[in-house]
Every structure is written in structure tokens, then in C-alpha cells.
Amino acid sequence: MSKTITKTFKSHEALSNVKEDLIATGIEQEQIFVDKDKNQVKVIIPKEAEPEILEILSRHQPLD
């Protein structure tokens, strides 16, 4: 089962860093969606990967 996690960040630099970290962790680029207008990153992941992905996202200080 897949789950989508969406987080908002305060800068475009943070968006780029988040994407790089997710890819380095092994998340496929096709599962990462960056919305520069809203400063959001959406990641589609298997449910069991959620704790690891949330930890990666929290490193970049999301606004939500």
C-alpha cells in the first residue's frame, strides 16, 4: 500500500535539498513531486517507509 506525504518548506533551496536527500535514500525520482509555486514536496512511498521519510523531511524544517 502506498502513501503520499506532503510537506511545505520555506525556500526553493530547501526543496532542492529535500529532493536530493530522498533520491540518495533510494526513492525513485518518479515518486517525488516538487511544486515550486507552493514550496511543497510530495512523496509517494510504501507505508512501511513512512518513519524514515518523515525523518528526512524533518531535517529540512518543514513549515507543516
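Residues numbered from 1 in each chain as written. Predicted model: local features only at pLDDT ≥ 70, side-chain atom pairs only at ≥ 80, totals over all residues. Heavy atoms only, no water.

A look at the pattern of salt bridges
Part 1 of the argument: Across all of its chains, the model carries three salt bridges by this definition.
Part 2 of the argument: The salt bridge involving Lys-3 is made with Glu-50; its shortest N-O contact spans 2.9 Å. One end of the pair, Lys-3, is in strand β1 (residues 2–8); the other, Glu-50, is in helix α2 (residues 50–58), and 47 residues separate them in sequence.
Part 3 of the argument: With relative accessibility at 26%, the residue Lys-3 sits in the partly exposed group.
Part 4 of the argument: For Glu-50, a relative accessible area of 17% gives the class buried.
Part 5 of the argument: The partner of Glu-55 in a salt bridge is Arg-59, with the nearest N and O atoms 2.8 Å apart.
Part 6 of the argument: In this structure Glu-55 comes out as partly exposed when scored by relative accessible area, which is 40%.
Part 7 of the argument: A single salt-bridge network, built from bridges that share partners, covers Lys-3, Lys-47 and Glu-50. (Salt bridge = Lys/Arg side-chain N within 4 Å of Asp/Glu carboxyl O. Helix = DSSP H or I, 4+ residues; strand = E, 2+ residues; numbered from the N terminus. Buried < 20%, exposed > 50% of the residue type's maximum accessible area, 1.4 Å probe, protein only.)

Observations regarding the sheet that holds β1
The pairing of strands in a sheet happens through backbone hydrogen bonds and is either parallel or antiparallel.
Part 1 of the argument: In spatial order, the strands read β1-β3-β2; together these three strands make up an open sheet with antiparallel pairing. Each edge of the sheet is formed by a strand with only one pairing partner; in this case those strands are β1 and β2 (32–35). Direction aside, the axes of adjacent strands within the sheet are offset by 15 degrees on average.
Part 2 of the argument: As judged from the seven bridges shared by β1 and strand β3 (residues 40–46), these two strands associate in the antiparallel manner. Bridge pairing in β3 links Lys-7 to Val-41.
Part 3 of the argument: Its contacts with the sheet place α2 against β1 and β3, and it is angled at close to 10 degrees to β1. (Pairing = 2+ DSSP bridges. Axes fitted to C-alpha atoms, helices over the stretch in contact; angles between N-to-C directions. Contact = heavy atoms within 4.5 Å.)

Considering the pairing of β3
Part 1 of the argument: Inspection of the sheet shows β2 paired to β3 by four bridges, in the antiparallel sense. In the strand pairing of β3, Val-34 is matched with Val-41.
Part 2 of the argument: Counting the residues between successive antiparallel strands, the hairpin from β2 to β3 contains four residues, one of them, Asn-39, with a positive phi of roughly 55 degrees.

Describing the confidence of the model for the protein
Part 1 of the argument: Summarising the model, the protein shows a mean pLDDT of 95, and 100% of its residues fall at 70 or more.
Part 2 of the argument: The least confident element of the protein, judged by mean pLDDT, is α2 at 94; the most confident is β2 at 97. (pLDDT = per-residue confidence, 0-100.)

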